[in-house]
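Given next are the chains, with one letter for each unit.
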Amino acid sequence: MGLVYERYFRGPNSDLYDMFRLPYIGAELLLYGVPLELYDGDASVFPMNWVYSVLYEVHKQLPKFSRMRVLTILGFQNSKNAEILSALFGTNFPKWGRRHIKGAYMLLLSLPDNLRMEMDCEFLMLIGTEGLNRNAGGSLVHDIELATFVSGLSDITLLDLPAEGQDETRSNLHIAVNVLLCTRNSERKTTFHVASQGTGMGGKIMSCVIDGLTTRQLPNESQRKTLLTSETGGVSHNLSSSWNSISFTSQNDQIYSDAVLTLKKGLLTMFHEKATNDQPTCLGALMEYMCNLWEKVKNGNFAIQFGDTDTADAIIGLCTKLVQGEKQLNDQLNLWVQGLDNHITELKESASQNGQGMDSDGILTILRSEANTQISAERDQIKASLWDYLRQEDIDITLVENYKVSLLKRVDLIQEQMTYDVAHKIEAATIRHEMTIKMHALLTSLEAALEVKLHSLLKTCKNNGSMIDDKELEREFVSVWENIPSNLKDPPLETPEILERMVEQLKRNLSNRGLKKQNVRLRNANQLNGFKVKTSHFALSSKMKKTLKYNKKVAQTFTNNLIEDCDKRVSEKQRHKECYSDSYMRELLAIVDKDLEVLKSEPFMMNPKFEADVKGYICSKAVESFQEVQAFLISERETEVRFLNETKDRHMLNFIYRFRQRDQCQKAAQSFTNLCLKPTAEDFIYNSLERQIFNDMLQNKNARLYSSPKKFHYGLLKEMLLKDSFENFHEYLQSHESYSQKSIENFIKAHLSGSVMIEDRREQRMHQILNWVKSCINQASESSSGAHISVRLLLEKVCISLESMGKITVSTQILEKPLFDISTNRENFLKDLQESVSELSSSIAQEFMENEDVIEVPDDLPNKLQGILFDRVKGCDKRCPFCKAPCDLEEKDHQVHEAVVHRPKGLGCYTNANSTTLSHNTCSADIVGKTQFQNRQTGGQSLPFKEYQSIYPDWNIYPEDPRNNGAAVYWRYVFMRYNRRFAQEYQCAPAELPQAWGKITQEEALQSLREAFHITE
């Protein structure tokens, strides 16, 4: 509508009647909440006619004498102004990112009644800008024009700096600084405020620029409002960087909600301050000022040209140096404060060596002097760096001459603020140090008592073999803690109680001196402006006119000296931080009474009122001093109690930890002996026995069957045939390996049942290995220095030494457990370890005595004899893909497998095709026939058996010779004998076997087996 209106407004001889309705519609939309484009940033044009006409229509609809204030937010590229305004006021400004908009938009908000009173206006005009510095590296003239125009209209301008790179940040600062330079002397006094979305120094530099270019009084750190930040320590506002990816309104974090509320309160506070100093404006005046300002912007009628960046560069550079210097000073002071505890200790030790004492006041004086010296030196360095920068960059000093005073004043402000902050930190460090010293004696006695209790508990636990839980340990600790006498004084009096007791002492003093009727009233110290002797203080005889003046002078001098003496006595008590006592008050009143007796020697007399007033005045001053000391002592007491409570918890945990550690040492020695040394010793003892047993078995008359895999296979088949047990055949067919292991185990048991162990040899090996262990422990102990050792490191040395003794392998994996990750007393742990080794020797000897059954011995050997023998005879582990017969080739790394004895497939639960009848075909017969096979390897297709090598190229199956059945006779005999048993086991129909199979005898089956394996018996 604005473009159309401007086009027809400027056109010659145009019928504008229909166009007059557009401003009215625009005003309705603006009042409805639709922002009005105030400035076209892409064209750098202010549609004055359109905006003026719309605002005129708005003016007609607003109540008469309506007043308003203006808030402008300068948004640079990606600064997300619309999100900020939406979060603050619930508005809906055009957002950067949806469209690459650039320009300024305005919206008029009606204020609620409570804010109208605070802001002294009825409406708030919001002006939001987007897209400043959109073309990075390009000219900033039009951006400065836009920013200057909207800032000149504002009461408050918020500079919203986005999180950008170094180049973009400097361009943003150029725009902001030029706006400040152009508007600083404008008719409307704009207050600038800075906000930064990044964590860099851009926001702090801009805040420094504002302080330097504005004529307002420099704020200190506590007066700067911090908004939209989770870290509120910066001089500038710090906006959340997460807004770069999502809308602010979608944030549910309580931190962001609190930050928005803080920002809104801060802005409203600034408007409230504006209301007390500046008058609001009406819309008509704002419209007129807007037109005049636009003409001024178009003509460039400002103290600085829009394209001039020299002054901005100089100011930005100076402020950068100033901010860097402030940060460096802050870092140095923080580092210095961190080392205060050690520094205080050094100061006290130095004074003690010189034969001097040093109290807290002396330490505070020295530390404050050191801090002030450091801050002053850094202040001078910051000031020097500012002018060094101007000289190094060859900058004309006249460019910043007008801002020199403000910048130097900011440096002085930094010094004051740092001095104030460090003073508090120094005082806190001194108090903390004093608390540590006061508690040291108590903690020392506590440690001694806890050590005694610890030894008692460990002894009880070891003797009884019981476990003590943490609850019981806590109770034992509390019993010791409560028996330690506390060095804390009685709790100090509360400050109101001091006032009551002082008044009571004053009344008692006056009563004893016969002045009971005098009124006693202590006034607040802030109401005391010095004691003045009045005419009413003199007795009637001393009120003679000719001597009254002299009498007043003498009495006033006396009173001043008396008050000064009392103040010194109170200051002395205050300096020593002594808890209030009624004796202090009596001592103070005694000084007054003594001096009043001296006053009686003067030629004039004072009435009782004088004594009551003087004492009341002195007590009024003293009560505040005593209350200050008392408040400090109360705080100190709270600190002491808190320190004791924290110390109690820490010592309780330490007590429990030490008990667990000492107990863990005993358990570590026992575990290492049982889980590491014992297996090593047994391995060493049984290793030689194992070889003897194995060699002896190979000499057995039946051991020839274990000389090769083929002979072993033959022996298994022969054994099954002779035993004639279906269960043996079925077990063999189901798992050849399992049956082989069982057969070997039976063979070993049969052999061992007839052999005798050499007891002397076993005893000798036991004593040898245990002597080595003790020697290694002594060597590891001698190589370790210090009262404390690492248990893991010591035990690792023992293991390494033991392995170097001979062919011994020690498993150290157990040492990786947390049980051994401790450091303990060397002598205690070595004693526990040596006792455990002695117990190990007795334990192994006892096991020898109980191990009378020689058959059980192999179960205790680390390398099973069964496994060794099986590895000798197991041969190839491949099986026939059809009948599952094992490969009998003995050559290593053979590529093609062969089975000596193929068996009918029905023995492995194979059935005929489309039938439940067990198959009696063998692989050797199938490969010469026309039968086919089908399985997963064929992909579901049927292939002739004779083409089996296309699927199984690593198998060679010889065809069956019809003239010589050979090895097939063995399994035909077995199948015929147990046909029904196999069918019953597999839940199938019995195989239809040839009648000729029934004529095969056991001897024929055995003979065919000999021929197949080429065995001669």
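(A) Spatial organisation of the pattern of salt bridges. Tallying each qualifying case throughout the model produces 36 salt bridges. Measuring nitrogen to oxygen at the nearest pair gives 3.3 Å for the salt bridge that ties Lys609 to Asp613. Here Asp613 and Lys609 lie together in helix H19 (residues 608-698), a separation of four residues that amounts to about one turn. Taking the relative accessible area as the measure of exposure, Lys609 reaches 36% and is therefore partly exposed. The network of salt bridges with common partners includes Arg513, Asp593, Glu597, Glu611 and Lys615.

(B) The environment of Phe306, seen in detail. Structurally, Phe306 can be placed in the loop between helix H10 (283-299) and helix H11 (310-338). The buried category is assigned to Phe306, whose relative accessible area is 8%. Sequence separation between Phe306 and Ile144 is 162 residues; the distance between their C-alpha atoms is 6.2 Å. Leave out the neighbours within four places in its chain, and Phe306 touches Val141, Ile144, Glu145, Thr148, Asn178, Cys182, Val297 and Gly300.

(C) Molecular detail of the nonpolar core. With 122 residues, the main nonpolar core has Leu38, Phe149 and Met206 as its most contacted residues. Broken down by element, the residue count for this core peaks at 12 residues, all from H11. Not counting the four nearest positions on each side in its chain, Phe149 is found in contact with Leu38, Tyr39, Phe46, Met290, Leu293, Trp294 and Val297. One finds Tyr973, Tyr978, Trp997 and Ala1005 within the second-largest nonpolar core, a separate group that totals 44 residues.

(D) Spatial organisation of the packing of aromatic side chains. In total, this model carries 24 aromatic pairs according to the counting rule given. Consider the rings of Tyr970 and Trp971, whose centres lie 5.0 Å apart with planes at 85°: the pair is edge-to-face. Accessibility expressed as a relative area gives 0% for Tyr970, which makes it buried. Owing to a relative accessible area of 1%, Trp971 belongs among the buried residues under this scheme. We note Arg903 situated over the ring of Trp971; from NZ or CZ to the ring centre the distance is 5.7 Å.

(E) Geometry of the side chain of Ser44. Among the structural elements, Ser44 can be located in the loop between strand S1 (36-40) and helix H3 (48-61). You can call Ser44 buried: its relative accessible area is 15%. Those residues in contact with Ser44 that lie beyond four places of it in its chain are Tyr39, His142 and Trp294.

(F) Quick look at the environment of Pro886. The residue Pro886 is located in the loop between helix H27 (865-873) and helix H28 (923-926) in this model. On a C-alpha basis, the gap between Pro886 and Glu737 in space is 9.8 Å, while along the polypeptide they are 149 residues apart.

(G) Fine view of the packing of helix H2 (residues 21-32) against H3. The N-to-C vectors of H2 and H3 enclose an angle of 65°; their axes lie 8 Å apart at closest approach. In terms of crossing hand, the pair formed by H2 and H3 is right-handed. Contacts between H2 and H3 involve Leu22, Pro23, Tyr24, Gly26, Ala27, Glu28, Leu30 and Leu31 on the former and, on the latter, Trp50, Ser53, Val54, Leu55, Glu57, Val58 and Gln61. In terms of residue class, the contact of H2 with H3 is made up of 10 nonpolar, three polar and two charged.

Thresholds applied
Residues numbered from 1 in each chain as written. Predicted model: local features only at pLDDT ≥ 70, side-chain atom pairs only at ≥ 80, totals over all residues. Heavy atoms only, no water. Salt bridge = Lys/Arg side-chain N within 4 Å of Asp/Glu carboxyl O. Helix = DSSP H or I, 4+ residues; strand = E, 2+ residues; numbered from the N terminus. Buried < 20%, exposed > 50% of the residue type's maximum accessible area, 1.4 Å probe, protein only. Contact = heavy atoms within 4.5 Å. Core = buried A, V, L, I, M, F, W, Y, C linked by side-chain atoms within 4.5 Å. Phe/Tyr/Trp six-rings, centres within 6.5 Å; stacked < 30°, edge-to-face > 60°. Lys NZ or Arg CZ within 6 Å of the ring centre and 35° of its normal. Axes fitted to C-alpha atoms, helices over the stretch in contact; angles between N-to-C directions. Left-handed = near helix turned anticlockwise from the far one by under 90°. Nonpolar A, V, L, I, M, F, W, Y, C, P; charged D, E, K, R; others polar.

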